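Residue strings, one per chain:
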Amino acid sequence: MDELKTLSQRELEALREKYEYTLRMFPDSDSLLALAEVHLALGEVTKARRTVSDFTEKKGDSSRARLILAKAHLMCWNAAAAEEELKKALSLDHRNTQASDLLIHIYKSAGRTAEAFRVALSPVPDPWRRREDASKPEEPSPEPQEKSKPRAGVFETDTMLNLYVSQGLYKDALGIIEVLCEMEPDNPVYRNKREEIMVLLGK
């Protein structure tokens, strides 16, 4: 899902149309969760939730679906609901490293260090720490990026930025916005947000 952060608004809208067309032609396609992730990347939280609901009705519950719902809750600044969804995601698949990493950050941002360590120390086989196993083969990968171009990690996202700002963790928020500004130096939203955070930090 984080690869979607590298796509422009137009590219995301084109991807959304592609998935919607695929699902019209092939209703049993496994593209519902990929479509939900695109909705989320476009800020369409309600549509993302509805699409996940459609998926679970047809295919049943999944760790990936719960992760998407968690991110939707974070976009609405509801860390408690996101925490519950992430716990469910990990109960369905303990190898979902995006879910565990996001849960760790929620715990850390709330000062719940012991719980963060407990999640971090849960046994996960090394190969699964390198890549999110929730990705599906049919989900298209964006065009390869040049190695020199900075990429956002699991936490350098608008979701985590909003979470940190909402909780007054401005130093953490500054770290994320610096990465986002480096990725998209011409993005006025990121530049303005960076200036706002700098003011809040008295810099």
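How each quantity is defined
- Residues numbered from 1 in each chain as written.
- Predicted model: local features only at pLDDT ≥ 70, side-chain atom pairs only at ≥ 80, totals over all residues.
- Heavy atoms only, no water.
- Helix = DSSP H or I, 4+ residues; strand = E, 2+ residues; numbered from the N terminus.
- Buried < 20%, exposed > 50% of the residue type's maximum accessible area, 1.4 Å probe, protein only.
- Contact = heavy atoms within 4.5 Å.
- Core = buried A, V, L, I, M, F, W, Y, C linked by side-chain atoms within 4.5 Å.
- pLDDT = per-residue confidence, 0-100.
- Axes fitted to C-alpha atoms, helices over the stretch in contact; angles between N-to-C directions.
- Parallel < 35°, antiparallel > 145°, perpendicular 65-115°, else oblique.
- Left-handed = near helix turned anticlockwise from the far one by under 90°.
- Nonpolar A, V, L, I, M, F, W, Y, C, P; charged D, E, K, R; others polar.

1. Regarding the overall build of the protein
Part 1 of the reasoning: A count of helices and strands for the protein gives 11 helices and zero strands.
Part 2 of the reasoning: N-terminal to C-terminal, the α/β element order of the protein is α-α-α-α-α-α-α-α-α-α-α.
Part 3 of the reasoning: Across the 203 residues that make up the protein, the buried fraction comes to 43%.
Part 4 of the reasoning: Considering only contacts in the protein between residues 6 or more positions apart, those separated by 24 or more positions represent 58%.

2. Examining the nonpolar core
Part 1 of the reasoning: Ranked by size, the top nonpolar core spans 30 residues in total, and within it Leu74, Leu86, Leu161, Ile177 and Leu180 carry the most contacts.
Part 2 of the reasoning: Looking at this core, the elements with two or more residues in it are helix 4 (63-75), helix 5 (79-92), helix 6 (97-109), helix 7 (113-120), helix 9 (158-166), helix 10 (170-183) and helix 11 (188-200).
Part 3 of the reasoning: For this core, the leading source of residues is helix 10, giving seven residues.
Part 4 of the reasoning: By size, the runner-up hydrophobic cluster in this structure holds 22 residues, among which are Ala48, Ala65, Ile68 and Ala72.

3. Focus on the environment of Met160
Part 1 of the reasoning: When you line up the elements, Met160 lands in helix 9.
Part 2 of the reasoning: Spatially, the C-alpha atom of Met160 lies 8.5 Å from that of Met75, the residues being 85 residues apart in sequence.

4. A short note on the confidence of the model for the protein
Part 1 of the reasoning: A residue-level look at the protein finds 81% of positions with pLDDT of 70 or above and a mean pLDDT of 79.
Part 2 of the reasoning: The least confident element of the protein is helix 8 (residues 126-129), whose mean pLDDT is 41; the most confident is helix 5, at 94.

5. Concerning the side chain of Ser31
Part 1 of the reasoning: Mapped onto the fold, Ser31 is located in the loop between helix 1 (9-25) and helix 2 (32-41).
Part 2 of the reasoning: Apart from residues lying up to four places away in sequence, Ser31 is in contact with Tyr19, Thr22 and Leu23.

6. So, the packing of helix 3 (residues 45-59) against helix 4
Pairs of packed helices are described in terms of their axes, by the angle between the two and the distance that separates them.
Part 1 of the reasoning: Orientation of helix 3 relative to helix 4, taken along the N-to-C sense of each, is 160°, at an axis distance of 10 Å. Between helix 3 and helix 4, the crossing angle belongs to the class labelled roughly antiparallel. Between helix 3 and helix 4 lies a crossing of left-handed hand. Contact with helix 3, carried on its side by Val45, Arg49, Val52, Phe55 and Thr56, involves Ala65, Ile68, Leu69, Ala72, His73 and Met75 of helix 4 and no other residues of that element.
Part 2 of the reasoning: Partitioned by chemical class, the residues of the contact of helix 3 with helix 4 number eight nonpolar, two polar and one charged.

7. Section: the environment of Cys181
Part 1 of the reasoning: Looking at where Cys181 falls in the secondary structure, it is placed in helix 10.
Part 2 of the reasoning: You can call Cys181 buried: its relative accessible area is 13%.
Part 3 of the reasoning: As for Cys181 and Asn192, which are separated by 11 residues in sequence, their C-alpha atoms are 10.0 Å apart.
Part 4 of the reasoning: Cys181 has contacts with Tyr190, Arg191 and Arg194, leaving out every residue within four places of it along the chain.

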